[in-house]
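# Observations on the model geometry
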2 protein chains.
Amino acid sequence: MDFLTKAISYLKVNEERFLEELKEICTIPSVSTSPAHETDMLKTAETLAAHMRRIGLSNVQVIATQRHPVVYGESLAGKPGQPVVLVYGHYDVQPAEPLELWRTPAFEPTLRGDELVARGASDMKGQVMASLNAVEALLQNGPLPVNVKFMIEGEEEIGSPSLPKFLRDHKELLACDVVFNPDAGMISPECPTIVYGLRGLAYFELRVSGPEHDLHSGVFGGVVHNPAQALCELVAGMHDAEGRITLPGFYDSVAALDSAEREEMASLPVDEAYYQKQAGVPALWGEAGFSAVERVGGRPSLDVNGIYSGFTGSGSKTVIPAAAMAKISMRLVPNQRPDEVYEQFIAYLEKKAPPTIRWELIPMPGGPACMVSRDLPAVTALEQALKTVWQQPVCYKREGGSVPVVTEMQEILNVESVLTGFGLPDDQIHGPNERLHLPTWRRGTEALVHFFINMGQS
Amino acid sequence: MDFLTKAISYLKVNEERFLEELKEICTIPSVSTSPAHETDMLKTAETLAAHMRRIGLSNVQVIATQRHPVVYGESLAGKPGQPVVLVYGHYDVQPAEPLELWRTPAFEPTLRGDELVARGASDMKGQVMASLNAVEALLQNGPLPVNVKFMIEGEEEIGSPSLPKFLRDHKELLACDVVFNPDAGMISPECPTIVYGLRGLAYFELRVSGPEHDLHSGVFGGVVHNPAQALCELVAGMHDAEGRITLPGFYDSVAALDSAEREEMASLPVDEAYYQKQAGVPALWGEAGFSAVERVGGRPSLDVNGIYSGFTGSGSKTVIPAAAMAKISMRLVPNQRPDEVYEQFIAYLEKKAPPTIRWELIPMPGGPACMVSRDLPAVTALEQALKTVWQQPVCYKREGGSVPVVTEMQEILNVESVLTGFGLPDDQIHGPNERLHLPTWRRGTEALVHFFINMGQS
């Protein structure tokens, strides 16, 4: 048997143990947002570190940060000139609440048919273990054909606050040719996916005020411009009847989708019905002239993330609120910049806000969109690997969200990230009954064996 | 000295004691909304009852209700055929919070120039004591020229939940020809005021929902109609560019203001600047074609009393909220009915709500507008009394708010209410540093002596 065949065979032989190891790590409630789980965070990090040592990684460390530690391990026995792949992952998970909606306890991993149900199974303990399993299969059957580093953080679900400093402090340790990030998902079980674009973000708090204090709606109703109403009017005016965003100049720097990319997007197995089902809405909505997949991946959007004013308890209170607030954010595409969007928002408000109210716009952290070159050797290596295992063409996809770590890796380590993953759209990550489709997970692990071998030949 | 002169002279002689008695009752924190003040409520009621007995009222009782007791007392020694006036008042007060904004403690009544600063001084312990002082002055100087009953409740500031049952249970005890309600205020110290109209209320909770649960604004931004945005669009559409309410048929049953009433309203000393100052807004707003005083008193209005959706904490969260909610209420004028407004609201939503969202409209308690006939003998008696003391024409005014007790007195006791009061617009009732203008209060007490004498002659 050649190296590849032996490694693949190793995966099959150890299938049951891999599942047990995944279940074991899923029993630890590594909820990063909750101070009550601090020891669980440390326990998960130590468990991962022990696992890394067991499979033969060296220089394994649990490195403290301001909040939750990063687990590091490496295998650098590759020949000179072989590339260094940094595998990024996170071991923290979302809170499991509401607990009563789980059919089996969130941290008691349970097999249900082909699926493992547990918080973190898909996002992303399963993806981390798949990467480690692939490296183990290679390490146990010959020298690694590539240099591998693992950096598994514990703060992804809370916005990775310690990551930028960690990257700056450990530039040499983390030096690499490319980042492999399996935290993106697949379009469907039959559709291995590489994500090559991520939207950016501009985020604002808009505050509107009118009266000096809350007023009696009987005494002043009809003479005062209600700040909540004025805010609604401003928000309502931010889209035109075609679903286009009306901030002055908003589309000026938007990179158009070329026809080749639109054709490719049209070929993806994600039609309008797919999005409607995923969102659970009575009907889709959005910018006229673009398909759903185009609107999510290749066009900017504007959303109200929260709004608040006045009396919101049960019952009634007849008040004209003194003020109203909305959190409003835009998803950006190349070549939009958050600071430009801020200027456009200000221009909108200067033009549209009536003299009957006062307003204030507070910008919050955001970032530009991010595109990964599809010509990277790692992308080619991954495409080949996925194709080989799935016997299907690879779906190239732009993701609607942002992955700040990708931007930070670019900015601080000066490396690109290759994004993929073996989670499925209906894995219910972040929700109750999160699950991992095990056949897809095993195929993914096999593809990773191919990927690392391909990388060694790239 | 005749009866009137003696009674007025009695007021002067006892001025200092009256003030002390008012201060005493203002020291008790009778905050009806707070369970912590239950014994204070009872203490206030007992103090009032003791005062009633001392001044010569009979059948004085502290009558328990589900929550806070009602204080009752009467003087029915009048000649046969003399009318019975039921004086309505409340001894409960608004909470004093925020305490740090009071220059002197809320329940340590303090003289500052011509003003007594204390929670409840103006709203409405001062008004209650003025009524009792006037009756005392009459009782001490001859037989009362009219039959008087006092009904002082302890739940006005929490919406008088026990009042309807109390009125039904004590119909005979409370039987009267007219209610005298001094819980309305004056336009200015020089402008004695009779309120003859109150707006009604229709109150709703509008709920909009879209996705089955909160969505990631990156993954779905651009394909899902954001429920908070959809709610804003619906709210924004409820007024046209002229400030008119767009619910279908909303103005159909609105009683027009006739030219005589508009002329009278125009003569009141409440111009646009008055409302702008009172509200503390950068500019007024409202229905085109009507003055501020007309819009508040004689035209319906629609306000957002509260709105809520998604993430409203500090910082940012990139969510498309599953749902959004607004509390929306209308102030009604004759001859609008809350149930008609509900139908109009439903018609608006059926016409305007897009197929991309679901909605639900929940009606909450309201009531129609209420007009008091200006031909009532009690109105004439009060106008004469006010004119005599102030040597000014009386301002007849429509109030923008509702006074549910007025409607309940009509419906349950079948009697009209005459509304006046000696509080001023800048008394800061419900706010910190509530105060009572003592010269106006004393003039008011004197006018009440005239009023009761006039009533005996009516």
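The structure this text deals with has already been given above.
What counts, and at which threshold
Residues numbered from 1 in each chain as written. Chains lettered and ligands numbered in written order. Predicted model: local features only at pLDDT ≥ 70, side-chain atom pairs only at ≥ 80, totals over all residues. Heavy atoms only, no water. Helix = DSSP H or I, 4+ residues; strand = E, 2+ residues; numbered from the N terminus. Rg over C-alpha atoms; globule rule 2.2 N^0.38 Å. Buried < 20%, exposed > 50% of the residue type's maximum accessible area, 1.4 Å probe, protein only. Contact = heavy atoms within 4.5 Å. Areas by Shrake-Rupley, 256 points an atom, 1.4 Å probe, with all protein chains shown as cover. Lys, Arg positive; Asp, Glu negative; His and termini not counted. Charge placed at Lys NZ, Arg CZ, Asp CG, Glu CD. Core = buried A, V, L, I, M, F, W, Y, C linked by side-chain atoms within 4.5 Å. Buried area = accessible area lost by both parts, 1.4 Å probe. Salt bridge = Lys/Arg side-chain N within 4 Å of Asp/Glu carboxyl O. Polar contact = N/O pair within 3.5 Å; in protein donor to acceptor, adjacent residues only side chain to side chain. Pairing = 2+ DSSP bridges. Least-squares fit on C-alpha atoms with pLDDT ≥ 70 in both. Disulfide = S-S within 2.5 Å. Axes fitted to C-alpha atoms, helices over the stretch in contact; angles between N-to-C directions. Parallel < 35°, antiparallel > 145°, perpendicular 65-115°, else oblique. Left-handed = near helix turned anticlockwise from the far one by under 90°. Nonpolar A, V, L, I, M, F, W, Y, C, P; charged D, E, K, R; others polar.

Bringing the overall build of chain A into the picture now. Each helix and strand counted, chain A has 15 helices and 18 strands in total. Relative to its length of 458 residues, chain A is compact, with a C-alpha radius of gyration of 24 Å against a globular reference of 23 Å. Counting only C-alpha atoms, chain A reaches 85 × 50 × 45 Å along its principal axes. Taking all 458 residues of chain A together, the buried fraction comes to 61%. The contacts in chain A between residues at least 6 apart in sequence include a share of 79% that link residues at least 24 apart. Of the accessible surface of chain A, which amounts to about 17200 Å², a share of 51% is contributed by carbon and sulfur atoms. If you average the places of the 38 positive and of the 58 negative side-chain charges in chain A, the two averages end up 1 Å apart.

What follows covers the nonpolar core. Counting residues in each nonpolar core, the largest one holds 89 residues, and the members touching the most others are A:L48, A:L132, A:F150, A:Y275, A:V449, A:F451 and A:F452. Grouped together as the second largest cluster of nonpolar side chains are 87 residues, B:V135, B:V293, B:A381 and B:L386 included.

A word on the interface of chain A and chain B. With 71 residues of chain A at the interface, the matching set in chain B holds 71 residues. Summing the contributions of chain A and of chain B, the shared interface buries around 5500 Å²; its carbon and sulfur component is 59%. For the chain A face of the interface with chain B, the top three residues by lost area are A:V223, A:W285 and A:I307, together amounting to 12%. Taken together, the links from chain A to chain B amount to 0 salt bridges. At the junction of chain A with chain B, the criterion picks out 34 residue pairs in polar contact (both at pLDDT 80 or more). In terms of residues, the side of chain A that touches chain B owes the most to one element, strand β11 (residues 301-310) of chain A, which gives 10 residues. By the bridge criterion, 5 bridges tie β11(A) to strand β11 (residues 301-310) of chain B in an arrangement that is antiparallel. Residue A:G310 lies in a different strand from β11(B), and its bridge partner there is B:G306.

Here the focus is the pairing of strand β1 (residues 58-63) of chain A. Residue and element names in this part refer to chain A. Bridging between β1 and strand β2 (residues 70-75) involves 4 bridges; their strand directions are antiparallel. In the strand pairing of β2, V62 is matched with V71. Turn length for the β1-β2 hairpin, with the two strands adjacent in sequence and antiparallel, is 6 residues.

Mapping between the two chain copies consists of a rotation about an axis together with a translation along that axis. Superposition record for chain A on chain B: RMSD 0.2 Å, screw rotation 179 degrees, translation along axis 0.1 Å. One copy is carried onto the other by what is essentially a two-fold rotation axis. Both copies contact each other with a shared surface, as 100% of the interface residues of chain A are interface residues in chain B too.

Residues and elements named next belong to chain A. Applying the stated criterion across every chain, the model contains 2 disulfides over all chains. Here C191 engages in a disulfide with C395; their sulfurs sit 2.1 Å apart. In this pair, C191 sits in the loop between β7 (178-181) and β8 (193-198) while C395 sits in strand β16 (residues 395-399), placing the two residues 204 residues apart along the sequence. Taking the relative accessible area as the measure of exposure, C191 reaches 6% and is therefore buried.

Residues and elements named next belong to chain A. The interhelical angle for the contact between helix α1 (residues 3-13) and helix α4 (residues 121-139), taken along N-to-C directions, is 130 degrees, at an axis separation of 8 Å. Accordingly, the angle class assigned to the pair α1 and α4 is oblique. As for how α1 packs across α4, the hand of that crossing is right-handed. Contacts from F3, A7, Y10 and L11 in α1 reach N133, E136, A137 and L138 in α4. A per-class count over the contact of α1 with α4 returns 6 nonpolar, 1 polar and 1 charged.

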